[in-house]
Amino acid sequence: GREVLAPGALVLRGFARAQAESLVLEIGEICARAPFRHMLTPGGQHMSAAMTNCGPLGWVSDRRGYRYEAADPDSGKPWPPMPDTFLRLAADAAAEAGFSGFIPDACLVNRYEPGTRMSLHQDRDERDLTAPIVSVSLGLPAIFLFGGLHRSDRSERVALVHGDVVVWGGLSRLRFHGILPVKEGSHALLGRQRINLTFRKAA
Ligand code: MD3
Ligand code: FE
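If you're wondering where the values come from, they're calculated on a predicted model, not measured in any experiment.

Here we come to the coordination of the iron ion (ligand 2). The expected angle between donors at a tetrahedral four-coordinate metal is 109.5 degrees. At an octahedral six-coordinate metal it is 90 or 180 degrees. Surrounding the iron ion (ligand 2) are the protein donor atoms H121 (NE2), D123 (OD) and H177 (NE2), which sit 2.0 to 2.3 Å from the metal. Taken in chain order, the donor set of the iron ion (ligand 2) reads H-x1-D-x53-H. The class for D123 is buried, based on a relative accessible area of 8%.

Given below as structure tokens:
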């Protein structure tokens, strides 16, 4: 089913469920080459979620700020390539939401263990803000916070479960958003973790 959250924001419930096993195998290969790490924020704190990337560009954070880079700063090597299955899933989901021709050049992989959160933020490090972001939730469920265009706007809570795909574009692209601390639990495929893939057109 599809649920419109707000103009430009569409939830495709279970859209990735049939492919979840193969996505998890691909994630295993990605993190073998570019291990999950807790990046440092410009303020000097470690991020709660562990992250890695695949694709031509990867999102990085350190004391100097946030940006996209072609190489993994931990190894100096290019990020692992984006699997075709990832590209196709992201393009198909975007097309369902009216964004045909979406070709992501970056996939940020976020790992949440119980207790991990992501505080309210905007995604604005991408060059072309007319391109949507496609997110794929795997493993443990989470409560997503969906705010407005100002940090102080009140936010809605949306439950995201294994296999859900959300397309964030148009008027929703610059909304503040975050993830509440993930509850303790165990998922049949992923155990004590939630993994979120976010597909972006960064350059
Ligand atoms: C709404 N990740 O990586 S995905 C992120 O579940 C991020 O790991 C969260 O926020 C996660 O930046 C949420 C959903 C998401 C991603 C990008 C958005 C929602 C968005 C951009 C604009 C509005
Ligand atoms: Fe975000």
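On to the environment of M51, then. Within the fold, M51 resides in strand β3 (residues 50-54). The sequence separation of M51 and A34 amounts to 17 residues, and the corresponding C-alpha distance is 9.4 Å. Filtering out sequence-adjacent residues up to four positions away, M51 remains in contact with P35, F36, R37, M39, W59, L108, V109, N110 and M118.

Note on sheets: strands pair through backbone hydrogen bonds, and any given pair is parallel or antiparallel. Ordered by their spatial adjacency, 4 strands build an open sheet running β7-β12-β9-β10, and the pairing between neighbours is antiparallel. Single-partner strands in this sheet number two, and they are β7 (118-121) and β10 (156-160). Across the sheet, the mean angle separating the axes of adjacent strands is 20° when strand polarity is ignored. Note: strand β9 (residues 142-146) against β10, 5 bridges, orientation antiparallel. Within β10, the position partnered with F146 by the bridge is E156.

About the criteria used
Residues numbered from 1 in each chain as written. Chains lettered and ligands numbered in written order. Predicted model: local features only at pLDDT ≥ 70, side-chain atom pairs only at ≥ 80, totals over all residues. Heavy atoms only, no water. Donors = N, O, S within 2.8 Å, 3.2 Å for Na, K, Ca; no water. Buried < 20%, exposed > 50% of the residue type's maximum accessible area, 1.4 Å probe, protein only. Helix = DSSP H or I, 4+ residues; strand = E, 2+ residues; numbered from the N terminus. Contact = heavy atoms within 4.5 Å. Pairing = 2+ DSSP bridges. Axes fitted to C-alpha atoms, helices over the stretch in contact; angles between N-to-C directions.

Purely geometric stuff here, so don't read any function into it on its own.
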